[in-house]
Amino acid sequence: MSAAEHIPAGANLFELRSAVQSCRGCDLYRGATQAVFGEGPETARAVVVGEQPGDQEDRQGRPFVGPAGRVLDRGLVEAGIDRGTVYVTNSTKHFKFTQQRGKRRLHQKPTRGEVMACRPWLEAELRLVQPELVVCLGATAAQALLGPSFRITKERGAVLRLEDPWPAQLVATIHPSAILRADDREQAYRGFLADLEVAAGVLGVA
Ligand code: URA
Ligand code: SF4
């Protein structure tokens, strides 16, 4: 399982965004409406990596446009990071869900195999955008880049180093969806914001 053979060599972001629609690197394309590629300027200083598109993202074809995206937007603004200056993407490009007849589609976590199959797309995005900083939202995103031994509870909010596929600083935090599910949303949000402020500090915009 790998997306590698579906990625055109030498493609720019625009070409990749079109090519991802015909990716068959794992089975997740089967159930999804479309692939959701990253979005943002190629000159972005930071790349934000989420887990996978949600229901709204799957319908609209754009990352972080649903409820989690609103939490992310608020956090970025409050940390002093302009969303227009960051490139936002996901560790897997197709929505994975379960659905019982006619019911709402429920997000399902991608397996390690699916994340690794999809990683070549993320690698291609990072090599083209060449960010100074990567912000990982949640364990899936952080493990996609740093390996399965990464623990969000231990390592969130610290300035880490990414070497492969692109050398950059890396800050991980919880996923905005986890804030929406938390018993104490305000407390969860404050922790998220504190981590984003570390990211803002790396960029020198805090
Ligand atoms: N959650 C994610 O991880 N990514 C999105 O694009 C939307 C919700
Ligand atoms: Fe390809 Fe990634 Fe979609 Fe799997 S999830 S089909 S690897 S784009």
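- In the nomenclature of an unreviewed UniProt entry, the chain is known as Type-4 uracil-DNA glycosylase of Saccharopolyspora rectivirgula.
- Its UniProt record, at the heading Sequence similarities (unreviewed entry), says of the chain: "Belongs to the uracil-DNA glycosylase (UDG) superfamily. Type 4 (UDGa) family."

### Re the overall build of the chain
Reasoning step 1: In terms of regular secondary structure, the chain is built from eight helices and seven strands.
Reasoning step 2: Relative to the compact-globule value of 17 Å for 206 residues, the chain shows a C-alpha radius of gyration of 16 Å, a close match.
Reasoning step 3: With the C-alpha coordinates of the chain rotated into their principal frame, the extents come out at 40 × 40 × 30 Å.
Reasoning step 4: In the chain, which comprises 206 residues, the proportion classed as buried is 50%.
Reasoning step 5: Surface summary for the chain: the accessible area is close to 9,800 Å², and the carbon and sulfur share equals 49%.
Reasoning step 6: With 26 positive and 24 negative side-chain charges, the chain shows a separation of 6 Å between the mean positions of the two kinds.

### Some remarks on the pairing of strand β7 (residues 168-173)
Reasoning step 1: Across the six residues that make up β7, a large majority, five, are buried.
Reasoning step 2: Sheet topology note: the strand β6 (residues 160-162)/β7 ladder contains three bridges and is antiparallel. Paired with L162 across the two strands is A168, which belongs to β7.
Reasoning step 3: Linking β6 to β7, which pair antiparallel, is a turn of five residues.

### Quick notes on the side chain of R105
Reasoning step 1: Position of R105 relative to the elements: it lies in the loop between β3 (97-98) and β4 (106-107).
Reasoning step 2: On the accessibility criterion, R105 (11% relative accessible area) is buried.
Reasoning step 3: A polar contact of 2.9 Å, which involves the side chain of R105, links it to the side chain of D55.
Reasoning step 4: At 2.9 Å, the side chain of R105 forms a polar contact with the side chain of D58.

### Observations concerning the packing of helix α4 (residues 112-129) against helix α5 (residues 139-146)
Reasoning step 1: One can describe the packing of α4 onto α5 by two numbers: an axis separation of 10 Å at closest approach and a directional angle of 70 degrees. Accordingly, the angle class assigned to the pair α4 and α5 is roughly perpendicular. Residues R112, V115, R119, L122 and L126 of α4 lie in contact with α5, whose contacting residues are T140, Q143, A144 and L145.
Reasoning step 2: Here the residues of the contact of α4 with α5 are counted per class, giving five nonpolar, two polar and two charged.

### A closer look at α5
Reasoning step 1: Counted residue by residue, α5 has six buried out of eight residues, so it is predominantly covered.
Reasoning step 2: Looking at α5, one finds that the buried residues are T140, A141, A142, Q143, A144 and L145.
Reasoning step 3: Those residues of α5 hidden inside the fold are in contact with β1 (46-50), α4, β5 (133-137), β6 and β7.
Reasoning step 4: Of the residues flanking the end of α5, it is G147, one or two places downstream, whose phi is positive at about 105 degrees.

### Topic: the site of ligand 2
Reasoning step 1: Around ligand 2, the structure places A3, V20, C23, G25, C26, L28, Y29, K93, H94, A117, C118 and W121.
Reasoning step 2: Looking at the shell around ligand 2, its residues break down into nine nonpolar, two polar and one charged.

### Some remarks on the sheet that holds β6
Reasoning step 1: The five strands lie next to each other as β2-β1-β5-β7-β6, forming an open sheet whose pairing is mixed. Since the sheet does not close on itself, it has two edges, and those belong to β2 (86-90) and β6, each with one partner. Within this sheet the neighbouring strands show an average axis-to-axis angle of 30 degrees, counted without direction.
Reasoning step 2: Of the strands in this sheet, β1, β2, β5 and β6 are in contact with α4, which crosses β2 at around 170 degrees.

### Digging into the environment of G54
Reasoning step 1: In this structure, G54 sits in the loop between β1 and α2 (55-60).
Reasoning step 2: On the accessibility criterion, G54 (17% relative accessible area) is buried.
Reasoning step 3: Separated by 84 residues in sequence, G54 and G138 have C-alpha atoms that sit 14 Å apart.

### Considering the site of ligand 1
Reasoning step 1: By nearness alone, every residue bordering ligand 1 is listed as G50, E51, Q52, P53, G54, E57, P63, F64, A68, N90 and H175.
Reasoning step 2: E51 is positioned with one of its backbone polar atoms (N or O) 2.8 Å from an oxygen atom of ligand 1.
Reasoning step 3: A distance of 2.6 Å is found between an oxygen atom of ligand 1 and a side-chain nitrogen or oxygen belonging to H175.
Reasoning step 4: Contact with the protein chains covers 94% of the free accessible surface of ligand 1, which is 240 Å².
Reasoning step 5: For the shell around ligand 1, the per-class residue count stands at four nonpolar, five polar and two charged.

Quick notes on the rules
Residues numbered from 1 in each chain as written. Chains lettered and ligands numbered in written order. Predicted model: local features only at pLDDT ≥ 70, side-chain atom pairs only at ≥ 80, totals over all residues. Heavy atoms only, no water. UniProt positions renumbered as here; feature names shortened; annotations may be inferred. Helix = DSSP H or I, 4+ residues; strand = E, 2+ residues; numbered from the N terminus. Rg over C-alpha atoms; globule rule 2.2 N^0.38 Å. Buried < 20%, exposed > 50% of the residue type's maximum accessible area, 1.4 Å probe, protein only. Areas by Shrake-Rupley, 256 points an atom, 1.4 Å probe, with all protein chains shown as cover. Lys, Arg positive; Asp, Glu negative; His and termini not counted. Charge placed at Lys NZ, Arg CZ, Asp CG, Glu CD. Pairing = 2+ DSSP bridges. Polar contact = N/O pair within 3.5 Å; in protein donor to acceptor, adjacent residues only side chain to side chain. Axes fitted to C-alpha atoms, helices over the stretch in contact; angles between N-to-C directions. Parallel < 35°, antiparallel > 145°, perpendicular 65-115°, else oblique. Contact = heavy atoms within 4.5 Å. Nonpolar A, V, L, I, M, F, W, Y, C, P; charged D, E, K, R; others polar. Near = heavy atom within 4 Å.

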